[in-house]
Amino acid sequence: MKKVGLYFGTFNPIHIGHLVIANHMAEYSHLDEVWFVVTPLSPFKKKKSLLANNHRYEMVYQATKDYPKLKPSKIEFNLPQPNYTVNTLAHLDEKYADQYSFCLIMGEDNLKGFHKWKNYEVILENYDLFVYPRISEGKVEHQFKDHPKVHRVDAPIMEISSTFIRNSHKEGKNIRPLLPQEVWLYMDEMNFYR
């Protein structure tokens, strides 16, 4: 049975920071694969700034197609919205119970707010969390610090954000080095984030 790390995000757009972290998780942890779960609508984000689901999925596909351990996933596209991780995990377990075991990949910034997630206790009881370092305010709740299901992975700290890329692109800055080549070409051709 393959162990799959689920890396959730809007990926608006996917950038090299996402790829570096996902690849690090696939190569330096006990995960066999990392799936980029493209989220149609996060409970914490406003939809108006998001590109259409199919465009964000296409960019993730383009970014990951040459990496056998990294896969795009649109599993949340047909689930009720807003998407809650606990529901997506239940759906994935039901669909792939005999092929994959799932766990979550998240930044330390998300771990700091994990106690606010819907049914976070259920998630923690049933799934491992693979946490990569992020520079952020606040502190990790005591209950997660030495939890046996929380695994810290010493991945590179990537301080690149999709918001920064969108804003810089709009201002006419050259952001090509921050994106996989295929993502840049698709974005440019479609005239996104101008």
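Going by the structure above, here's the rest.
Residues numbered from 1 in each chain as written. Predicted model: local features only at pLDDT ≥ 70, side-chain atom pairs only at ≥ 80, totals over all residues. Heavy atoms only, no water.

Colleague: Would you mind showing me how to read the sheet that holds strand β5 (residues 129-132) here?
Modeller: Ordered in space as β3-β2-β1-β4-β5-β6, the 6 strands form an open sheet in which the pairing is parallel. Whereas interior strands pair on both sides, the edge strands pair on one side only; in this sheet they are β3 (70-73) and β6 (150-152). Taking each pair of neighbouring strands and ignoring which way they run, the sheet shows an average axis angle of 30°. Inspection of the sheet shows β5 paired to β6 by 3 bridges, in the parallel sense. Within β6, the residue paired with V131 across the bridge is R152. Of the strands in this sheet, β1 (2-9), β2 (33-38), β3, β4 (100-107) and β5 are in contact with helix α1 (residues 16-28), which crosses β2 at around 145°. (Pairing = 2+ DSSP bridges. Helix = DSSP H or I, 4+ residues; strand = E, 2+ residues; numbered from the N terminus. Axes fitted to C-alpha atoms, helices over the stretch in contact; angles between N-to-C directions. Contact = heavy atoms within 4.5 Å.)

Colleague: What is the right way to look at the environment of M25 in this model?
Modeller: You can see M25 is positioned in helix α1. As for M25 and A63, which are separated by 38 residues in sequence, their C-alpha atoms are 16 Å apart. In contact with M25, not counting residues within four places along its chain, are L31, V34, I105, F130, V131, Y132 and V153.

Colleague: Looking at this model, I keep getting lost on unusual backbone geometry. Mind explaining?
Modeller: With glycine set apart, most residues show a phi of negative sign, and most peptide bonds adopt trans. Of the consecutive residues N12 and P13, the connecting peptide bond is found in the cis state with omega at 5°. For P13, the location among the structural elements is in the loop between β1 and α1. One non-glycine residue, N119, adopts positive backbone phi at about 55°. You can see N119 is positioned in the loop between α4 (108-112) and α5 (120-126). The residue Y193 is not glycine, and still its phi comes out positive at about 60°. Among the residues examined, Y193 registers a relative accessible area of 12% and is labelled buried. (Buried < 20%, exposed > 50% of the residue type's maximum accessible area, 1.4 Å probe, protein only.)

Colleague: Explain the pairing of β2 to me, please; I cannot follow it from the model alone.
Modeller: Consecutive side chains along a regular strand alternate between the two faces of the sheet. With 6 of 6 residues buried, β2 is to be regarded as a mostly interior element. Going residue by residue along β2, you find E33, W35 and V37 tucked away on one face and V34, F36 and V38 tucked away on the opposite face as well. Both β1 and β2 contribute to a ladder of 6 bridges, which runs parallel. Residue pairing in the sheet places F8 in a bridge with V37 of β2. Since β1 and β2 lie parallel, the crossover through α1 that links them has a hand, and here it is right-handed. Sheet analysis places β2 next to β3, joined by 4 bridges and oriented parallel. Considered in β3, the bridge of V37 is made with S73. (Right-handed = clockwise from strand over helix to strand, strands pointing away.)

Colleague: Looking at this structure, I do not really get the nonpolar core. What am I missing?
Modeller: The tendency in soluble globular proteins is for nonpolar side chains to be buried side by side. Of all hydrophobic cores here, the largest spans 37 residues; its most connected members are Y7, M25, V34 and F36. Elements supplying a minimum of two residues to this core: α1, β2, α2 (53-64), β4, β5 and α8 (181-190). Beyond its immediate stretch of four places on either side in the chain, V34 contacts G5, Y7, A22, M25, A26, K69, L70, K71 and I105. Judged by nonpolar contacts, the second largest core, of 25 residues, contains I75, L89, L111 and I123. (Core = buried A, V, L, I, M, F, W, Y, C linked by side-chain atoms within 4.5 Å.)

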